[in-house]
Amino acid sequence: MPDTLTTICFDADDTLWHNERFFTLTQSHFTELLSEHTDRETLMARLLAAERRNLPHYGFGIKGFTLSMIETAIEVTEGQVPASVIAQLLDAGRDMLSHEVELLPHARDTIEMLSHDYKVVVITKGDLLDQKRKLAQSGLRDLFDGIEIISAKTSAEYTRIFNQHGTGADQGLMVGNSMTSDVLPMIGADGWGIYVPHGLTWEIEHAPAPVHHRFYEINSLGDLPALIQTLTTGDTYAPS
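Residues numbered from 1 in each chain as written. Predicted model: local features only at pLDDT ≥ 70, side-chain atom pairs only at ≥ 80, totals over all residues. Heavy atoms only, no water.

Draft legend 1. The overall build of the chain, seen in detail. A count of helical and extended segments in the chain gives nine helices and six strands. Taken against the 2.2 N^0.38 rule, which gives 18 Å for 240 residues, the C-alpha radius of gyration of the chain at 19 Å falls within 12% of a compact globule. In terms of principal-axis extent, the alpha carbons of the chain reach across some 65 × 35 × 35 Å. Burial analysis of the chain (240 residues in total) assigns 51% to the buried set. In the chain, of all internal contacts separated by at least 6 residues, the share reaching a separation of at least 24 is 67%. For the chain, the separation between the mean place of its 17 positive charges and that of its 34 negative charges on side chains is 5 Å. (Helix = DSSP H or I, 4+ residues; strand = E, 2+ residues; numbered from the N terminus. Rg over C-alpha atoms; globule rule 2.2 N^0.38 Å. Buried < 20%, exposed > 50% of the residue type's maximum accessible area, 1.4 Å probe, protein only. Contact = heavy atoms within 4.5 Å. Lys, Arg positive; Asp, Glu negative; His and termini not counted. Charge placed at Lys NZ, Arg CZ, Asp CG, Glu CD.)

Draft legend 2. Seen up close, the pairing of strand β5 (residues 192-195). The alternating pattern of β5 places Trp-192 and Ile-194 on one face and Gly-193 and Tyr-195 on the opposite face, and all of these are buried. For strand β4 (residues 172-176) and β5, the ladder comprises four bridges, and the chain directions are parallel. The residue bridging Leu-173 from the neighbouring strand is Trp-192, located in β5. With helix α8 (residues 179-188) bridging β4 and its parallel neighbour β5, the resulting β-α-β unit is right-handed. Looking at chain direction, β5 and strand β6 (residues 215-217) are connected through three bridges and run parallel. The residue bridging Gly-193 from the neighbouring strand is Phe-215, located in β6. (Pairing = 2+ DSSP bridges. Right-handed = clockwise from strand over helix to strand, strands pointing away.)

This is the structure in structure tokens:
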């Protein structure tokens, strides 16, 4: 028997619009500012360690990233980082919080198409004000039946959200570019986890692909309607 699907949820950053590219550009500037003190590889490793360490305190998003850069700068300079460098890092963080929103290919068309037959919800984690800003500027806000901005994506959160907005996670689908946040916890909640690779994905969001009958990988959001059709008809999905 074909599976029943009632609710489709989308990740936001690097699934619906570009985001990681701005972190990459800022990291390059960060490297230039600290070039006299350490090499890029060492600096990036120290920054990633600081980000992992600070996630429980600052959560996901640009503000935590900026604080982690400042902390790393203090560490690698043994407390001698100039105030002018810290000021530039703060400026870089503010610039990231005001960047324009650029949709990824097929984002609008796919949401519009699926919204005729399913409840569509966006689930994103990170800074509340920044995520609200990007949703407003994206022009997609009014297409969604629900908006969830949460601190972390877990199986328990997916269970709650799909119960609230749909008919349970077992009749829900989560699509995003993160194995760690979008796919694995959704499968843990007995739903479908759909992976859409993005060229730039934060290392913390990487994980091995699961071997599971409710896991699929698609090339782009444009392939999602065809996949969903196979899930609901019982046909075999053939990637484009």
